[in-house]
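Breakdown of the fold
Spelled out from the first residue to the last, the chains are:
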Amino acid sequence: MIAITLDNFQHMVVEGSKNKLVLVSFWAEQVPESVELRDKLAVKLSKLSDHITLATVDCQSQGQIAQQFGIQGVPTVILLKDAQPLDGLSGPQDDESIAVFLDKHLPKPEEVLLEQAKAALSNNQLPEAQSAITQAYQVDNSRADIKLVLIDVYLKTGKTSEAKALLDTIMMVDQDGEYQALVAKVELAEKAENSPEIKALEAQLKTTPDDINLSQQLAAQYSQVNRQEEALTILFRLVQAGDESTKGKSKELFLDVLKALPDGDPLAAKFRRKLYTLLY
């Protein structure tokens, strides 16, 4: 929320509305309804600053600006785009009327979440991206653009089967270049997950299931191809069952896999709790 004066009017309102929407709320201290509307708008727009700027004009101290807009009473709200009035409200407003007004001009919640997820991915903030795109998918599970970002997150978190299943739901009309790139990534991930080395270790373990060294090797291989849950499951079992002379390396490997997971990853929290209950 930015208080507008003659000094910043040109920059914040005229120039600012060329880059994104500017909502100007005209208010006066002696009109409580105008103060209430200003504050309600501030709360509703607090997380949408990328899409809209809330500018406020105190009609008592900035009467010249109010006159320029032809304001005859408060509360009055004017939405500007490219320095031109686009829409507006006048008189007291309840929450529903405010919501209807804003919904006409603001992006839908799933679109905001989608953009947040893309930005987080570009900054390698995987937990943030996962949280945002999961919420977007919960709001609208039919949009291909949301699905494609979620598939990318699945691949980056080792959930290849989930990525492949979601990929199969993409309609032909939406199978663009991004889709084709993800198809290739899924194929590579599947090959990596089932490499000859992994298959050989799995076969050996079936023959000698109590071989601790083989189990540790397989867990390490799983971790390298993002099969982190399987790696942690094996290592936790070794820590749980081993004696003091054998479980040290297993615990070290277990902690290494945990450290490799992104901050805030639910899988890390799950296995940290399991380790905590085992130790204490």
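Below is a summary of the structure that appears in this document. Bear in mind that the values here come from a model prediction, so they are computed numbers and not experimental data. (Residues numbered from 1 in each chain as written. Predicted model: local features only at pLDDT ≥ 70, side-chain atom pairs only at ≥ 80, totals over all residues. Heavy atoms only, no water.)

1. Some words on the sheet that holds strand E1 (residues 2-3)
The line we're drawing: Whether two strands pair depends on DSSP finding at least two bridges between them. Comment: elements are numbered from the N terminus, with helices defined as DSSP H or I runs of at least four residues and strands as E runs of at least two. In this analysis, two residues are considered to be in contact whenever any of their non-hydrogen atoms come within 4.5 Å of each other. Lines are fitted to the C-alpha atoms to define the axes, a helix being fitted only along its stretch in contact, and any angle between axes, read from their N-to-C directions, falls within 0 to 180 degrees.
Spatially, five strands are ordered E1-E3-E2-E4-E5 in an open sheet, and the strand pairing comes out mixed. The open sheet is flanked by E1 and strand E5 (84-90), the only strands paired with a single partner. Summarising the sheet, strand E4 (residues 76-81) and E5 pair through six bridges and their orientation is antiparallel. By the bridge assignment, Ile-78 is partnered in E5 with Gly-88. Helix H2 (residues 32-44) rests against strand E2 (21-27), strand E3 (52-58) and E4 of the sheet, and its axis sits at about 155° to E2. Packed on one face of the sheet, helix H4 (residues 95-103) meets E2, E4 and E5 and runs near 165° to E5.

2. Re the nonpolar core
Heads up, the condition is: Take the buried Ala, Val, Leu, Ile, Met, Phe, Trp, Tyr and Cys residues and link them wherever side-chain atoms come within 4.5 Å; each set so joined is a nonpolar core. Burial here depends on accessible area, computed with a 1.4 Å probe over protein chains only, as a share of the maximum for the residue type. Under 20% is buried, over 50% is exposed, and the range in between is partly exposed.
The biggest cluster of nonpolar side chains holds 26 residues, and the ones touching the most others in it are Ile-133, Ile-151 and Leu-167. Of all elements in the fold, only helix H5 (109-122), helix H6 (126-139), helix H7 (144-156), helix H8 (160-167) and helix H9 (177-193) reach the threshold of two or more residues within this core. For this core, the leading source of residues is H7, giving eight residues. Leaving out residues up to four positions away in the same chain, Leu-167 has contacts with Ile-151, Tyr-179, Leu-182, Val-183 and Val-186. One finds Ala-219, Ala-231, Val-239 and Phe-254 within the second-largest nonpolar core, a separate group that totals 23 residues.

3. Some details on the environment of Asp-82
Positionally, Asp-82 belongs in the loop between E4 and E5. For Asp-82 and Glu-15, which are 67 residues apart along the polypeptide, the C-alpha to C-alpha distance reads 7.6 Å. Filtering out sequence-adjacent residues up to four positions away, Asp-82 remains in contact with Ser-17 and Lys-18.

4. Topic: the environment of Ser-215
Along the polypeptide, Ser-215 turns up in helix H11 (residues 212-224). Once the C-alpha coordinates of Ser-215 and Leu-238 are considered, the two residues, 23 residues apart in sequence, prove to be 8.2 Å apart. Once you skip the residues sitting within four places of it in the chain, Ser-215 turns out to touch Leu-205, Pro-209, Ile-234, Arg-237 and Leu-238.

5. Description of the packing of H2 against H4
Working note: a packed helix pair is described by the angle between its axes plus the distance between those axes. Here is the rule: Roughly parallel covers angles under 35 degrees, roughly antiparallel covers those over 145, roughly perpendicular covers 65 to 115, and oblique covers all other angles. For a crossing to be left-handed, the near helix must be turned anticlockwise from the far one by less than a right angle; the clockwise case is right-handed.
In the contact formed by H2 and H4, the axes pass within 11 Å of each other and the chain directions differ by 55°. One element, H2, and the other, H4, form an angle in the oblique class. Relative to H4, H2 is oriented so that their crossing is right-handed. Facing H2, whose interface residues are Leu-37, Lys-40, Leu-41 and Lys-44, H4 presents Asp-95, Ile-98 and Leu-102.

6. What about H4?
This is how the line gets drawn: This arc corresponds to the set of directions leading from the helix axis out to the C-beta atoms.
When H4 is considered as a whole, its buried residues turn out to be Ile-98, Phe-101 and Leu-102. Looking down the long axis of H4, one finds its buried residues gathered within 95° of arc, a one-sided arrangement. Residues of H4 that are exposed and point more than 90 degrees away from the buried face comprise Glu-96 and Asp-103. Contact partners of the buried residues in H4: E2, H2, E4 and E5.

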